[in-house]
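# Results of the structural survey
Chain by chain, the residues:
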Amino acid sequence: VKALGTRRAAVGQAVIANNLPDEVAYACSYWVQYAVMSGEYLKDDGDVHQFLTNHLLHWIEALSWLGKTSYVIHSLGSLQAIVDVSQAQMYGPGTVD
Amino acid sequence: MLDDASRFVIRNRYIINEAPLQIYMSALLFAPSRSIIRQTFVDVLRKYFDLMPKVPDFWGAEMFKLEGHKDGVESVAFWPDGQLVASASLDTTVRLWDAKTGKQVQKLEGHEGLVSFIAFPPDCQLVASISRDKIVMLWYTQTGELGISFPVDRSIEDLSFTQDGRFIVTNDEYLLSVSPPICSLVPRKGQSEPPAIALSGHWIRGHERDILWMPHGYRGSCSAFFGKNFIVGQVSGAMSSSSFRTKPTEKY
């Protein structure tokens, strides 16, 4: 457990790598791409929604330690795109919020 | 929720990149009280705070802030394709930013004085800056390396490039030729067009009409426009960026 003001630069790469092993780092970085490639659309209370409700902050934190804050922004953009498509297909254009 | 999360990360990207655990503190504490993210994770805050400061109910108008400069921002410019933003600051640095994510991509250090103006030439991977101590520097945007620097014998009050990228247009009757290694002053012909949209006092003006009044806290010392996007540099060292829904034209 670290102090809340801990600077990323003050934490060694080795410490970060120990706590976020490659497979975790990989999952954090690429789950969105897999979600997008699966071709499924996001629904309220679906898996992605549930995951974000519980772990959004953890996910952001992990990517931030990895120095990939931008990746979160890109990923959220990708997810938004697959919500819109599903709404448009299911309800037709014009009903998308 | 996704839109909310984007705003949350974009608004706080500087601090969560610097000190990631501030996600659970500063980022959440100052998130709007009725944002989904604040409501979903409010229990985290309750672990640390009994009383929380009054914050707005909803996300503000500003989409994101570019933070990093240690002193006032004097000049901002968009790369000709709109993807990159450059800023010049009293902290003597020039910084380049990804216009989409707000990430700082280069910090250009070399000026000894306050950097007052900055501009991108069309169609080349350079950025030009000039400091109060009358040194012009040309930098490579890809690597952040200094290309050339040279002194000029007058203070320059403005900086932009001619369409062909060969000359720097300044405030006075001379153009600065920047075909390295020769940098010289040449007489200027004709007047350049004033920009269609610009920050003027507390207003964003377009086509000689006031379009948007900037409230306290959003006002800036300099601005840059690209299509419907604009960015305002502030004396605090922060810059805020927003987009009009459509490109501001005569109809505003």
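Sequence order as written defines residue numbering, which begins from 1 separately in each chain. Note on labels: chains are lettered from A, ligands numbered from 1, in written order. In keeping with the predicted nature of the model, local features appear solely for residues at pLDDT of at least 70, side-chain atom pairs appear and are counted solely at 80 or more, and the whole-chain, interface and lining totals rest on all residues. To get the side-chain values, all heavy atoms of the structure are used, and hydrogens and water are removed first.

## Focus: the overall build of chain A
The number of helices and strands found in chain A is four helices and zero strands. Only protein chains enter the area calculation, which uses a 1.4 Å probe; residues under 20% of their type maximum are buried, those over 50% are exposed, and those in between are partly exposed. Out of the 97 residues belonging to chain A, those deemed buried represent 34%. We call two residues in contact whenever any of their non-hydrogen atoms come within 4.5 Å of each other. Contacts in chain A between residues at least 24 apart in sequence constitute 67% of all its contacts with a sequence separation of at least 6. Note on areas: Shrake-Rupley, 1.4 Å probe, and residue coverage restricted to the protein chains presented here. Accessible surface, chain A as shown: approximately 5900 Å² in total, 55% of it carbon and sulfur. Only DSSP runs of H or I reaching four residues or more are called helices, and only runs of E reaching two or more are called strands; each is numbered from the N terminus.

## Re the pairing of strand β5 (residues 104-108) of chain B
On any regular strand, side chains alternate: one points to one face of the sheet, the next to the other face. Residue and element names in this part refer to chain B. Direction of pairing for strand β4 (residues 94-98) relative to β5: antiparallel, over a ladder of four bridges. Bridging across to β5, leucine 96 finds its partner in glutamine 106. For two strands to pair, DSSP has to find at least two bridges joining them. If you look at the hairpin formed by β4 and β5, you'll find five residues sitting between the two strands, and glycine 102 has a positive phi there, around 80 degrees.

## Notes on unusual backbone geometry
Notably, A:Asp45 is not glycine yet its phi reads approximately 65 degrees, a positive angle. Considering the arrangement of structural elements, one finds A:Asp45 in the loop between α2 (22-37) and α3 (47-65). Under the relative-accessibility criterion, A:Asp45 is labelled exposed at 59%. You will see that B:Thr92, though not glycine, has its phi angle at about 75 degrees, which is positive. Taking the relative accessible area as the measure of exposure, B:Thr92 reaches 22% and is therefore partly exposed.

## Points about the interface of chain A and chain B
Frequently, the measure chosen for interface size is the accessible area that the parts lose on association. With 29 residues of chain A in contact, the opposing surface of chain B contributes 26 residues. The junction of chain A with chain B conceals about 2500 Å² of combined surface from both sides, 72% of it contributed by carbon and sulfur atoms. Two parts lose some accessible area (1.4 Å probe) when they are put together, and adding that loss for both gives the buried area. When residues of chain A are sorted by the area they lose upon contact with chain B, A:Leu4, A:Leu57 and A:Ile73 head the list and together hold 30% of the total. For this analysis, a salt bridge means a side-chain nitrogen from Lys or Arg found within 4 Å of a carboxyl oxygen belonging to Asp or Glu. Counting across the chain A and chain B interface gives zero salt bridges. Among the elements of the structure, α3 and α4 (69-91) of chain A are those that each provide at least two residues to the side of chain A that touches chain B. In terms of residues, the side of chain A that touches chain B owes the most to one element, α3(A), which gives 11 residues. When residues are grouped by polarity, Ala, Val, Leu, Ile, Met, Phe, Trp, Tyr, Cys and Pro land in nonpolar, Asp, Glu, Lys and Arg in charged, and all others, Gly among them, in polar. Partitioned by chemical class, the residues of the side of chain A that touches chain B number 13 nonpolar, 12 polar and four charged.

## Some words on the nonpolar core
In terms of nonpolar packing, the biggest core is built from 40 residues, with A:Trp59, A:Leu79 and B:Phe8 touching the most fellow members. Elements that contribute at least two residues to this core include exactly α2, α3 and α4 of chain A together with α1 (2-18), α2 (26-29) and α4 (42-46) of chain B. Among the elements that line this core, the one with the most residues is α3(A), at nine residues. When residues no more than four places from it in sequence are discounted, the contact partners of B:Phe8 are A:Leu57, A:Ile60, B:Ile23, B:Ala27, B:Leu28, B:Ala31, B:Ile37 and B:Trp59. Within this scheme, the nonpolar core is defined by two criteria: the residues are buried Ala, Val, Leu, Ile, Met, Phe, Trp, Tyr or Cys, and they are joined through side-chain atoms within 4.5 Å. One finds B:Ala88, B:Leu108, B:Val115 and B:Phe120 within the second-largest nonpolar core, a separate group that totals 14 residues.

## Focus on the pattern of salt bridges
Residues and elements named next belong to chain B. Tallied over the full model, the rule gives three salt bridges over all chains. Here aspartate 91 and arginine 95 are joined by a salt bridge, their closest N and O atoms 3.2 Å apart. Here aspartate 91 and arginine 95 have matching classes, each one buried.

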